[in-house]
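Architecture and fold: a report
Here is how the chains run, residue by residue.
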Number of protein chains: 2
Amino acid sequence: MATINDIGVAAAINIVTAFAFLIAFAIFRIQPVNDRVYFPKWYLKGLRSSSIQTGGFGSKFINLDFRSYVRFLNWMPEALKMPEPELVDHAGLDSVVYLRIYLLGLKIFVPIACVAFTAVVPVNWTNKALVGLKHSNISYSDIDKLSLSNIPNGSVRFWVHLCMAYAITFWTCFILKREYQNIALMRLQFLANDERRPNQYTVLVRNIPTDPHESICELVEHFFKVNHPDHYLTYQAVHDATKLSELVQTRKQMQNLLDYNLNKQMRNLSKRPVVKMGCLGCCGEEVDGIKYYTSMVEGLTREIAEEKEKLRTGTKSIVPAAFVSFKSRYGAAVCAQTQQSRDPTEWLTEWAAEPRDIYYDNLALPYVDLKIRRIIVAVAYFFLTFFFMIPIAFVQSLANIEGIEKAFPFLKPLIEVKLLKSIIQGFLPGIALKIFLLFLPRILMQMSKFEGFVSTSSLERRAASRFYMFQFINVFLGSIVTGTAFQQLNSFLNQSANDIPKTIGVSIPMKATFFITYIMVDGWAGVAGEILRLKPLIIYHLKNSFLVRTEKDREEATDPGTIGFNTGEPQIQLYFLLGLVYAAVSPILLPFIIVFFGLAYVVYRHQVINVYNQKYESAGKFWPDVHRRVVTALIVSQLLLMGLLSTKHASKSTPLLLVLPVLTIGFHVHCKSRYQPAFVTYPLQEAMIKDTLERTREPNLNLKAYFLNAYAHPEFRVGEDLEKEMAVEDPNRTPDLVATKRGSWRNTSLPSQHNSNSSLC
Amino acid sequence: MATINDIGVAAAINIVTAFAFLIAFAIFRIQPVNDRVYFPKWYLKGLRSSSIQTGGFGSKFINLDFRSYVRFLNWMPEALKMPEPELVDHAGLDSVVYLRIYLLGLKIFVPIACVAFTAVVPVNWTNKALVGLKHSNISYSDIDKLSLSNIPNGSVRFWVHLCMAYAITFWTCFILKREYQNIALMRLQFLANDERRPNQYTVLVRNIPTDPHESICELVEHFFKVNHPDHYLTYQAVHDATKLSELVQTRKQMQNLLDYNLNKQMRNLSKRPVVKMGCLGCCGEEVDGIKYYTSMVEGLTREIAEEKEKLRTGTKSIVPAAFVSFKSRYGAAVCAQTQQSRDPTEWLTEWAAEPRDIYYDNLALPYVDLKIRRIIVAVAYFFLTFFFMIPIAFVQSLANIEGIEKAFPFLKPLIEVKLLKSIIQGFLPGIALKIFLLFLPRILMQMSKFEGFVSTSSLERRAASRFYMFQFINVFLGSIVTGTAFQQLNSFLNQSANDIPKTIGVSIPMKATFFITYIMVDGWAGVAGEILRLKPLIIYHLKNSFLVRTEKDREEATDPGTIGFNTGEPQIQLYFLLGLVYAAVSPILLPFIIVFFGLAYVVYRHQVINVYNQKYESAGKFWPDVHRRVVTALIVSQLLLMGLLSTKHASKSTPLLLVLPVLTIGFHVHCKSRYQPAFVTYPLQEAMIKDTLERTREPNLNLKAYFLNAYAHPEFRVGEDLEKEMAVEDPNRTPDLVATKRGSWRNTSLPSQHNSNSSLC
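Rules used throughout
- Residues numbered from 1 in each chain as written.
- Chains lettered and ligands numbered in written order.
- Predicted model: local features only at pLDDT ≥ 70, side-chain atom pairs only at ≥ 80, totals over all residues.
- Heavy atoms only, no water.
- Buried < 20%, exposed > 50% of the residue type's maximum accessible area, 1.4 Å probe, protein only.
- Helix = DSSP H or I, 4+ residues; strand = E, 2+ residues; numbered from the N terminus.
- Pairing = 2+ DSSP bridges.
- Least-squares fit on C-alpha atoms with pLDDT ≥ 70 in both.
- Contact = heavy atoms within 4.5 Å.
- Axes fitted to C-alpha atoms, helices over the stretch in contact; angles between N-to-C directions.
- Buried area = accessible area lost by both parts, 1.4 Å probe.
- Salt bridge = Lys/Arg side-chain N within 4 Å of Asp/Glu carboxyl O.
- Core = buried A, V, L, I, M, F, W, Y, C linked by side-chain atoms within 4.5 Å.
- Domains from an automatic or database assignment.
- Polar contact = N/O pair within 3.5 Å; in protein donor to acceptor, adjacent residues only side chain to side chain.
- Phe/Tyr/Trp six-rings, centres within 6.5 Å; stacked < 30°, edge-to-face > 60°.
- Lys NZ or Arg CZ within 6 Å of the ring centre and 35° of its normal.
- Parallel < 35°, antiparallel > 145°, perpendicular 65-115°, else oblique.
- Left-handed = near helix turned anticlockwise from the far one by under 90°.
- Nonpolar A, V, L, I, M, F, W, Y, C, P; charged D, E, K, R; others polar.

**Regarding the pairing of strand β1 (residues 202–206) of chain B**
Residues and elements named next belong to chain B. Within β1, five of the five residues are buried, leaving the element largely enclosed by the surrounding structure. Burial along β1 is two-sided: the residues T202, L204 and R206 and V203 and V205 are all buried. As defined by bridge partners, β1 adjoins strand β5 (residues 318–326) across four bridges and the pair is classed as antiparallel. When the sheet's bridge partners are listed, L204 is paired in β5 with F323.

**Quick word on the relation of the copies chain A and chain B**
With an RMSD of 0.1 Å, the fit of chain A onto chain B corresponds to turning through 180° and sliding 0.0 Å along the axis. The superposition of one copy onto the other is thereby described by a two-fold rotation axis. Interface residue correspondence from chain A to chain B reaches 100%, placing this contact among same-surface, isologous pairings.

**Let's talk about the sheet that holds strand β6 (residues 348–351) of chain A**
Residues and elements named next belong to chain A. Taken together, the four strands give an open sheet; going across it, the order is β2-β5-β1-β6, and neighbouring strands pair in antiparallel fashion. Looking at which strands have only one partner, the edges of the open sheet turn out to be β2 (232–239) and β6. Averaged over all neighbouring strand pairs, the angle between strand axes comes to 30°, with direction disregarded. The pairing of strand β1 (residues 202–206) with strand β5 (residues 318–326) spans five bridges and is antiparallel. Residue T202 lies in a different strand from β5, and its bridge partner there is S325.

**Digging into the interface of chain A and chain B**
Taken together, the contact pairs 35 residues of chain A with 35 residues of chain B. Broken down residue by residue, the surface that chain A buries against chain B is led by A:Q339, A:R342 and A:Q685, which jointly contribute 21%. Where chain A meets chain B, there are four salt bridges. Here A:R674 and B:D343 are joined by a salt bridge, their closest N and O atoms 3.2 Å apart.

**A few points about the pattern of salt bridges**
Residues and elements named next belong to chain B. Enumeration over the complete set of coordinates arrives at 43 salt bridges over all chains. Here K310 ties to E307 by a salt bridge, and the two come within 3.9 Å at their closest N and O atoms. Taken together, the residues K310 and E307, both in helix α11 (residues 289–313) and three residues apart, mark about one turn of the helix. Given a relative accessible area of 54%, K310 falls into the exposed group. Assessed through its relative accessible area of 7%, E307 is described here as buried. A salt bridge links E451 to R466, with the shortest nitrogen-to-oxygen separation between them at 3.0 Å. Taken together, the positions of E451 in helix α17 (residues 418–451) and R466 in helix α18 (residues 456–494) put the pair 15 residues apart, joining distant regions of the chain. The buried category is assigned to E451, whose relative accessible area is 0%.

**With respect to the nonpolar core**
Here is a general trend for soluble globular proteins: nonpolar side chains tend to be buried in one another's company. Judged by nonpolar contacts, the single largest core of 141 residues is most densely connected at A:F476, A:L578 and A:F597. Take this core: its biggest share by element is 17 residues, from helix α7 (residues 93–125) of chain A. Of all hydrophobic cores here, the second largest spans 138 residues; its members include B:V121, B:Y518, B:V608 and B:L634.

**Topic: unusual backbone geometry**
All names here are of chain B. One non-glycine residue with positive phi stands out, namely A619, at about 55°. Given a relative accessible area of 4%, A619 falls into the buried group. In this structure, N709 takes a positive phi of about 70° despite not being glycine. Along the polypeptide, N709 turns up in the loop between α29 (703–707) and α30 (718–727).

**Let's talk about the sheet that holds strand β2 (residues 232–239) of chain B**
Residues and elements named next belong to chain B. As summarised here, the arrangement of the four strands in space is β2-β5-β1-β6, forming an open sheet in which the pairing is antiparallel. Bordering the open sheet on either side are β2 and β6 (348–351), each of which pairs with just one other strand. Averaged over all adjacent pairs, the angle separating strand axes in this sheet is 30°, with direction ignored. Direction of pairing for β1 relative to β6: antiparallel, over a ladder of four bridges. Across the sheet, V205 pairs through a bridge with T349, a residue of β6.

**Looking at the pairing of β2(A)**
All names here are of chain A. The buried fraction of β2 is high, at eight of eight residues. Note that β2 and β5 share six bridges and pair antiparallel. The residue of β5 that forms the bridge with Y232 is F326.

**Some words on the domain arrangement of chain A**
Residue and element names in this part refer to chain A. Structurally, chain A comprises domain 1 (4–194 + 368–680) and domain 2 (241–316). Counting residues at the interface gives six residues for domain 1 and seven residues for domain 2. Around 580 Å² of area is buried between domain 1 and domain 2 when both sides are counted, 47% of it from carbon and sulfur atoms. It is F546, L547 and R549 in domain 1 that bury the most area against domain 2; as a group they hold 80% of the surface buried on that side. Summed over the shared surface of domain 1 and domain 2, the number is zero residue pairs in polar contact (both at pLDDT 80 or more).

**As for the packing of aromatic side chains**
Both the distance between ring centres and the angle between the ring planes are used here to describe each pair of aromatic rings. Tallying each qualifying case throughout the model produces 70 aromatic pairs over all chains. Relative to B:Y102, the ring of B:Y98 has its centre 5.8 Å away and its plane inclined at 80°; by these criteria the two rings are edge-to-face. Taken together, the residues span about one helical turn, with B:Y98 and B:Y102 both in helix α7 (residues 93–125) at a distance of four residues. Considered together, B:Y98 and B:Y102 belong to a single accessibility category, that of buried residues. What links up through ring pairs into an aromatic cluster is the set A:Y98, A:Y102, A:F109, A:F565, A:Y575, A:F576, A:F596, A:F597, A:Y604, A:Y612 and A:F622. Across the ring face of A:Y706, the terminal group of A:R196 is positioned such that the distance to the ring centre comes to 5.3 Å.

**Some words on the environment of B:T349**
All names here are of chain B. Along the chain, T349 falls in strand β6. Residue classification places T349 among the buried positions, given a relative accessible area of 14%. When the C-alpha positions of T349 and Q189 are compared, they lie 25 Å apart, and in sequence the two are 160 residues distant. The residues contacting T349, other than those within four sequence positions of it, are V203, L204, V205, C335, A336, T338 and Q340. Among the polar contacts made by the side chain of T349, one reaches the main-chain carbonyl oxygen of T338 at a distance of 3.4 Å.

**What to know about the packing of helix α20 (residues 512–532) of chain A against helix α24 (residues 589–610) of chain A**
Each pair of packed helices gets described by two things: the angle between the helix axes and the distance between those axes. All names here are of chain A. Relative to each other, α20 and α24 sit at 15°, their axes nearing to 10 Å. Relative to α24, α20 is oriented roughly parallel. For the element pair α20 and α24, the recorded crossing hand is left-handed. Contact residues: A512, F515, I516, I519, M520, G523, W524, V527, E530 and I531 in α20; L589, F592, I593, V595, F596, L599, A600, V603, Y604, H606 and Q607 in α24. Its residues placed into classes, the contact of α20 with α24 shows 17 nonpolar, three polar and one charged.

Following this line, the structure appears as C-alpha cells:
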C-alpha cells in the first residue's frame, strides 16, 4: 500500500499541475486573442462585441500591458462578487442551483471535518492496533493510523464513532432540508416572476390514437375542443424531420469546406484550390474546389427547400404527437395534471418543456416502443455496468506495486526507483479510471436518447442518474471490493465464510489512500483543467485560422459549452459519497474533499458568469435528484459503518446504528412529500394568480399569434436564420459569390409567413 | 415428521368436520326460524318480508316438509346459477370482483396441477435420494418422496423443474394480465353506467390552512370560487361529532335495556322488573327498571338534541376539512387530480368516497399529525410482526411429536396412542396459529384507523396489506425457517456457515406436510364454518328472545356482515403463495389448494347472494392490491426455487432462474402503468361524456338541493331515522309507553329542514 510519502508526492504533483493550469489560464485569459474563448457569455449576451484592447502594436492579439499580469489571480474574487439574484438574471436559475451543490458540499463537510479532527482523529491516533498487524498479510500505511482500523477490536472508543455517525446524519439532514426548502422557494419565485413563455401555456400530447376517419390534426382539434372547451386555444403539429435535419447537417459541412477553400484562395490569389474526386479526396480527377462546393451547397439548399415544402403541405410526415396551447396557464396546468382518456396509454399529456429544450426525435415514439426500449436500455446498462468491472479490476490489481513486482520480477529494479514508484502508486489507479470514465457519458447519453425522453433536460438528468450508479458500483464499490478481492483472493479461499465480511470491512479504511489520490487527480487537477478550456481554445484557434470569414462565423467558432449536468453532477455526488463514508472512518479524506468543493465552486462560478451558455432553463428541476443521491450516500455510509464496526467486535453498536438508516429514509420520505411537488406540478392557485394579473395588464393580448411556430421543428427556422444573416452586409466577401449565395437562398427559402401553415396542416 | 398416515387422519377429520358443517347448514337454512340469519340480504333488499311457510302447526318455526330435506344440498347449484351481470346489480361490483379472486386461483392452479402431476411428480417419485437419508438427522415422510427432495444432487432431472418454473411464471402472468384487463373494463363500465351519486361530483379537501381573518367556511367558499370559478357549486363543512356519537351510542344501549325490561314485564305482567343502582347492578337500592331506563333514554335524547343544535349553530366544532361539490363530474375530476396550492401540505384534494364509506373521525387530522402517526404505526407494526414470532416458534417446536416426547418423557405413553398422536400432529400447528391470527385483524384495523385513512374501504385495504405481510413473515417464513431452526439448531451450530442455506433449502419441501394440514384446518373447515354462520345464528336467537319487539327490531337483530376484505383477501393470498411456491417443489399441495378455492368460491358466492350486505361500494378498487400480492408471491416462489436448486448442486440453473424475477417485475411494471390508472383516476373524457348526457336528459336538475346533507355526519341523521321508525304503527307495544317514547322524540328531534344550516355554517 501507498505510504505517507507516496501521498505526499502525488499531492505535490497534483498541486503543481493544478497551479500550472491556473497560471496558464491567468495568462491566456488576458490575451485579447483568446477573449472569445474565455468570455463568450458576454459576447452572446451582446454586452461585448470586440475584445478590450490596451493600445499599441499587436495589442489586438497579445496583451502588452504588463501591469495586468501582476493581478493575474484577481478573477477569483471577481467570480465571487456577483450577487446571487443578479446571477439568476445573468445565467438562469439552473446554473445558480447547480453552483449551490458545491456550496452544499462545503456546508456539510466543513463543520463535519472540524468535529472529526477534534474528536475522531485523536481517538484513532492514540492506539496501536495496526502495529500488531505489521507482519501479517494485511498491509497498511501511516495514514491508516488516523483511521478507525487503528482501534483494537471491542474497544469502548467506538462509542465516539457511533456518536460521530449520529452527528453526521443529523447535520447532513438538517442542511439538506434547509437547502431543499430554499431551492423550492427559489424555483417558485423564479416561475412566478418569469416573463411570458410559450411553455407556460403549452402541454405536450403524445400517443394520439389513429382514427380511420380523421387526420391527426383534426383529431387533436376535436378532442381538446370537446374535453377542454373553456381553455383550449390552438395546437402545433409535430413533423418527422429526420431527412431535413440530415440535409441541413450536410449543407453545414459543405459550407465549411467552401469557406475553407475561399480563405485558401484569398491568401494565394494566383492558385485556385482543387479537390480530388476519388476515395477520401486523395486520388482521382481534380476539379475546382470553390465551384464544386458552391454547387454542392446550392443543390442542398434547393433540396432543403423542397423537403420543407413537402413537410408543410403533406400530412404524411405528421407524427402522433402535438403541442397543445391553452388560453391560460390554468388550462395548461389542468390538462398537464389530469388523465384524458379511458385508455391510460393514449392521449398522454405532460408539461411541454421550453422550445429549445425539446428533443424532437423522440416525440413520435408510441407507447409500446417506449416500454420495449426501456427494457433494452435497462439490460444494456446492466451489462455495461457489470462487465466494465473487469478492466477496472485489472488496473486496480496492477496499481499495487508489490503485485506488479511479484507478477513481473524483471521490472523490479525499474520500479524500485523511488520517484517512479511514487508516481505509479499515486497516479496510475486514478488516471486509468478517469480515461475509462471519459468515454462513458456519451454512451449513457445515447442510451437515454434511445430510451425516448423528449427534452434535453430530462435526457441529462437520466444520464446523470445512470452515470452516478455506474460510478457507485465501479469506482466506489469496485475499488473497495475488487481491489481487496485481487489482493486477498488467496486468503479468502482458505478462510471460512464468516471471516469474509470482516476482511472487506477492514479494507474500507485501508482504501482511503487510493481515494485521496483519486480526488487529487480527478478533482483538483480536473477542475483546474476545466477553467483552462484547452480543447475549446485549440478548436477556436484552428477554426479561426481556416474557416472564419465574418464576425458571425467567429461567433459560431466559439463553443461556450454548458455546465454539463450529466457529467458534472455525478462527479460531485461521488465526492459526497466518499466524504460521508470516510467522515467517521478516516477523516483524513475530508480536507481533500473540502479543497475540491471550494476550488470547484470558485471555478464553476467564474465559468457560469463568463463562459457557459445554457441550452435550456429547467428552473432547478434537477434538485430532487441531487437530494436523493446525497441521501442515498448517507444511507450507504451508515450501512458500511455498521458492517465495519461489527467486524471490530463492536456488535453492541449494531442496533443503535440500525436506527440511522431508518431515520434517514423517513427523512427522505418527508422531504419528498413536502418539497418535491414544487418541482413536478404547477399549482392551480399560482396559475390563476398569474393569469389574472396578465389579463388585467394586457387585456388585448393575441396569444394565438404568440404561439405561432413557437414549437416548430428547429430545422424549419434554419432558412430564416440564414436569410437574416445574409441581410448583414459583409465587405470581405467577393461580391459575385455573395450574390450567388444570396440569390440561391432567396429563391429557395420561403417567406416566413408560409410557416403558419404548419399549425393548420 | 408427520407420515402419510397422519395426513390421512387429519384429512379425514377435516373432511368430516367440513361435511358436518355443511350438513348442519343445509338443515338449519330450511328452518323458517333461521330465515333471517341465512337470507338477510333478501330482507334488506325488501324482496322478502317473512319466511316462506310450508303450512301446518309449528311450521312458522320448523320446516315440516320432509321432501325439502332430501334436496338439502341444492344450494350449491343455486349459488352458481345467478349470472355475473345480475350479481353486479344484486350485490355490487366489489363482491363480484372479490369472488373473481377465487376464480383466479382456480384458473391459475388447475392447469398447473395437471401439468405438475403429469410431468413433475413422476420425475420426483422415481428417485431414491431420500432413502439414503433414512438414518441421518433429517427426518422425512412418504409424501416427501413426491417432492423435489427425492432427486439426487446435481441430477439432470432438475431441468424439468426449471421448465416447470418457466411454465408457472408465464401461465400465471398470462392469467393475471387477462384478469386485470377484464376487471379494469368491468370497473369502467360500472362507473359509466352507474346512477348519479354525490361522490361523483365531490372532492374531499383536507388540511385547509387557518386564517385569522376568515372562518374555515368562508375560506373554502372563497378559495374554490376563485380557483375553480367555472365548476364550483357548494360545500359541506365537517363537524367534530365525537361527543354526539358517544351520546347516541349510550342511548342505544339504554334503549336495549329498556326493551329487555319491557319484554320481561309483558311475559309476567304481575311483577314489574327492578334494577339495582349499586356497582355493576348487583347491589344497592332497587328501582323500577322500566321507569329508570325510560327516563335515561329521554334524558339522553334531550342531550343529543342540544348537542346537535350546538354543532349546527356554532363554528367551533368545524374541522379544517370539507366536502366540496362541483356543478359537473368534470369539475370534480379536475380538482381531485390537480395540486391546488403552492404549499403541497395545504388544500389537499382527493376524490371523496361514498358518504357511507367515509370514516369521519380521521377527517380533521392535520398533515404533520398524519406523518407522525404513520411513523408510530410503522414502528408498532414492526414490533408486532417480529415479536409475534416467539410464541409461534414455541408452538411449532411443540408440534413436532418427537420434540414433545423428548421434553416431557412422562407424556410418552399417552402420546404414543396412535389416534391421539395423529390428531396432535394434524391439528395442533394449524389451530394454534389460527387462534393467534383470529385476534390480529382487529389490532391491524385499529392501527389503520390510528394512521388516519378517511374511508372504510381504504382502512380495509391497508389492514389487508398489513395482515398479508404478517402472514407472509410469521405463517409462511416463520413456519419454514423457525421450525427448521428449532429442530436443527444443534446441527446448525456445528456446521460451517456455507451449509446453513443448504439445510434451509432442504426444509422447504419437507414443510409441505405441515402446510397441507394448515390448508385443511384453515381452508376447508374454515370455509365450511363460514357458511354455517354459527356466531350470527346464536346472537340472532338471543336477541330475538330478549330484545326484539317489532319487525324493525328483528331486522336490526340480524347482522348480515360483509365479505371482510381485510381478513379474507390475505388468507386467499397465502394460498396463492403456497400454491406457487410448492407447484414446482411438491405438487402434492396443489389438489388441497384447488379444493379450497373451489369450495370457497361456491360458499362465498352463496353468501354474497343471500347474506352479506356490503357497507360500501368501491367498484373493485382493491384489485391492484390483489394483483400486486400475487405477483409478489410469484417472485418469492422463483427466488426460493433458485435457493433450493443451488443447494441441490444444480447451480447451473441459477442464471436461467434469475431471468424469471426480472421478467416478472417487468410484467408488473407494465401492468401497473397499463391498468392501474383505471383504479385511481377518473379520465376527463369519461366525465365529459357523462356530464353531457346528463345535461341533455335533465336540463333543469337542481344539484345544489341534491348535495344538501349528502355528506353530513351520520349522527346528524339519527333523529330522522328514529322519527321514521316511530311513524310505523306497532300493535304489540303498550300504548302508553309508545306515546311516551314518541312524544319525547318528537319534542327533541328537530325538523329535517334545520339540517340545511350545517352547510351554510
